Amino acid sequence: MEVIDELIGQAGTVSADEVDHLLELRWKLRQYDDAEGALKLFCEVRLRMEQRHYLAFFRMRRWLENHLLASVSICPEANPQFVPVKLDHYCVEAIRRASLCLALRRGYVLLAPRLRFMFREVEFTKGNPPSAPSRSLELAEL
Amino acid sequence: MSISTAKSPVAVNKDPKIVDGLNLVLADSYALMALTHLAHWNVEGSDFFPLHKIFQEQYENLFEAVDEIAERVRALDAYAIGGLGVLAKAAEMEEFKSPLPQKDYVAALIIAHEKVVDDAVRTRNEAGTAGDLQTQDLMIKRLQWHEKTLWMFKSYLKN
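Residues numbered from 1 in each chain as written. Chains lettered and ligands numbered in written order. Predicted model: local features only at pLDDT ≥ 70, side-chain atom pairs only at ≥ 80, totals over all residues.

A. Structural view of the overall build of chain B. Helix and strand counts for chain B come out as six helices and zero strands. Projected onto its principal axes, the C-alpha coordinates of chain B cover approximately 70 × 30 × 25 Å. Across the 159 residues in chain B, those meeting the buried criterion constitute 33%. Within chain B, contacts between residues separated by at least 24 positions form 78% of all contacts whose residues are at least 6 apart in sequence. (Helix = DSSP H or I, 4+ residues; strand = E, 2+ residues; numbered from the N terminus. Buried ≥ 20, exposed ≤ 12 C-beta atoms within 10 Å, placed from the backbone. Contact = placed C-beta atoms within 7 Å.)

Pasting the structure below:
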């Protein structure tokens, strides 16, 4: 949040439009329950602003990577597996595909895969993602 | 012939908080050195030559620094921590994996330097409070180098 506040506070380098988007992103991150929405908004803002504010967006990317998981189910009824999210792309669908590929590389069999993004329940522990996220979100059909 | 019974300066200044602080800065510096070395090996892109060179200068500086910090711990009649696993655990520094875009190496190292700065500031202040001017001086010297490095890195990222 401090990173976003700092960005907003930089007079002359952030347009009014961008301030609105940043405030909305800040609100979504603070709410911590709409990972899909937050990620989509982050990607839009990133595409628009990153080249002018590279370090700030790197910090946000790092924070999001530490706080997001991709919940992957091989079919709608199956229990989900969780993979970390890497924000190497600027588009949510590309990130979704990359997360699916990561799941495949880990040996998950994917019949009719469903993937949704969610916030981690607990503080990220290096190398050990939490086993059971608590927030439920709408599934993204693929 | 008289034997002095005055306490040595080392005994007066040996403060567990200062020793712990120095060991933490030692761990941080060691971890940062490893990350900088990784960036030196793996950086790619249009800025390869200057970044590859600057990363080398930085890990060489850090290599000398860790020795200086560890020897300060010894001068305080305490033991320096060591071993890759022990240092990594103590530093708790977030690591990165290659490959990365060249700007990401710089941004990731900025975050790592900031952690060292935070811990060095705390140790500097504790040393000042305890009257350990030598440790304080060492921390000030390290802080000057880290802050200069941060300025240069942030300038590189600014568009």
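That was the structure; now back to the text.
B. Inspection of the nonpolar core at higher detail. Of all hydrophobic cores here, the largest spans 63 residues; its most connected members are A:Leu25, B:Tyr30 and B:Ile69. At 14 residues, the largest contribution of residues to this core is made by helix H2 (residues 16-42) of chain B. Of the domains in this structure, domain 1 (2-66) and domain 2 (69-141) of chain A are the two that each give at least three residues to this core. Dropping the residues within four chain positions of it, A:Leu25 is found in contact with A:Ile4, A:Ala38, A:Leu41, A:Phe42 and A:Val45. (Core = buried A, V, L, I, M, F, W, Y, C linked by C-beta atoms within 7 Å. Domains from an automatic or database assignment.)

C. Summary view of the domain arrangement of chain A. Residues and elements named next belong to chain A. When the domains of chain A are assigned, the result is domain 1 (2-66) and domain 2 (69-141). Counting residues at the interface gives 13 residues for domain 1, matched by 15 residues for domain 2. Going through the elements one at a time, helix H3 (35-49) and helix H4 (54-67) are the ones with two or more residues in the side of domain 1 that touches domain 2. Counting residues per element, the side of domain 1 that touches domain 2 draws most heavily on H3, at seven residues. Class assignment of the residues belonging to the side of domain 1 that touches domain 2 gives a composition of six nonpolar, one polar and six charged. (Nonpolar A, V, L, I, M, F, W, Y, C, P; charged D, E, K, R; others polar.)

D. Quick peek at H4(A). Look at H4(A): 20 Å from first C-alpha to last across 14 residues, which is about the 20 Å you get at 1.5 Å a residue. For H4(A), the complete set of buried residues consists of A:Tyr54, A:Phe57, A:Phe58 and A:Met60. Each buried residue of H4(A) sits inside an arc of 165 degrees when the element is viewed along its axis, so together they form one side. Buried residues along H4(A) sit in contact with helix H1 (2-9) and H3 of chain A together with helix H5 (102-130) and helix H6 (133-157) of chain B. (Expected span 1.5 Å × (residues − 1). Arc of directions from axis to C-beta.)

E. Region of interest: the interface of chain B and chain A. Contacts between the two partners involve seven residues from chain B, matched on the other side by five residues from chain A. Every element with two or more residues in the side of chain B that touches chain A is listed here: H5 and H6 of chain B. The element that contributes the greatest number of residues to the side of chain B that touches chain A is H5(B), accounting for four residues. Here the residues of the side of chain B that touches chain A sort into three nonpolar, one polar and three charged.

F. A look at the environment of B:Ala127. Residue position: B:Ala127 is located in helix H5. If we skip the residues at most four places from it in the chain, B:Ala127 touches B:Ile18, B:Asp132, B:Thr135, B:Gln136 and B:Met139.

G. Examining the pairing of strand E3 (residues 114-119) of chain A more closely. All names here are of chain A. The buried fraction of E3 is high, at five of six residues. Sheet analysis places strand E1 (residues 68-73) next to E3, joined by six bridges and oriented antiparallel. Considered in E3, the bridge of Ser-73 is made with Arg-114. (Pairing = 2+ DSSP bridges.)

H. Representation of the confidence of the model for chain A in the model. Taken over all residues, the pLDDT of chain A has a mean of 82, while the share at 70 or more is 81%. Within the model, pLDDT remains below 50 along residues 124-142 of chain A, and this stretch shows 32 contacts once partners closer than five positions in the same chain are excluded. (pLDDT = per-residue confidence, 0-100.)

I. Structural view of H6(B). All names here are of chain B. Compared with an ideal rise of 1.5 Å per residue, which puts 25 residues at 36 Å, H6 spans 36 Å between its outermost C-alpha atoms and is within 8% of the ideal. Within H6, the full set of buried residues consists of Thr-135, Leu-138, Met-139, Arg-142, His-146 and Thr-149. Looking at the buried residues of H6, the elements they touch are H2, helix H3 (48-75) and H5.

J. Examining unusual backbone geometry more closely. Residues and elements named next belong to chain B. In this structure, Pro-99 follows Ser-98 across a cis peptide bond, with omega equal to 0 degrees. With respect to the helices and strands, the residue Pro-99 is situated in the loop between helix H4 (84-91) and H5. A positive phi angle is found at Asp-77, which is not glycine, with a value near 65 degrees. One can find Asp-77 in the loop between H3 and H4.

K. Representation of the packing of H2(B) against H4(B) within the structure. Residues and elements named next belong to chain B. Where H2 contacts H4, the axes come no closer than 8 Å and their chain directions differ by 105 degrees. Compared by their axis directions, H2 and H4 come out roughly perpendicular. Only Leu-87, Ala-88, Ala-90 and Ala-91 of H4 make contact with H2, whose side of the interface consists of Asn-23, Leu-24, Ala-27, Asp-28, Tyr-30 and Ala-31. Residues that form the contact of H2 with H4 fall into these classes: eight nonpolar, one polar and one charged. (Axes fitted to C-alpha atoms, helices over the stretch in contact; angles between N-to-C directions. Parallel < 35°, antiparallel > 145°, perpendicular 65-115°, else oblique.)

L. Highlighting the packing of H2(B) against H3(B). All names here are of chain B. It is the contact of H2 with H3, at a shortest axis distance of 8 Å, that shows an interaxial angle of 160 degrees. Relative to H3, H2 is oriented roughly antiparallel. H3 is crossed by H2, and the crossing has left-handed handedness. Of the residues in the contact of H2 with H3, the class split is 17 nonpolar, eight polar and one charged. (Left-handed = near helix turned anticlockwise from the far one by under 90°.)

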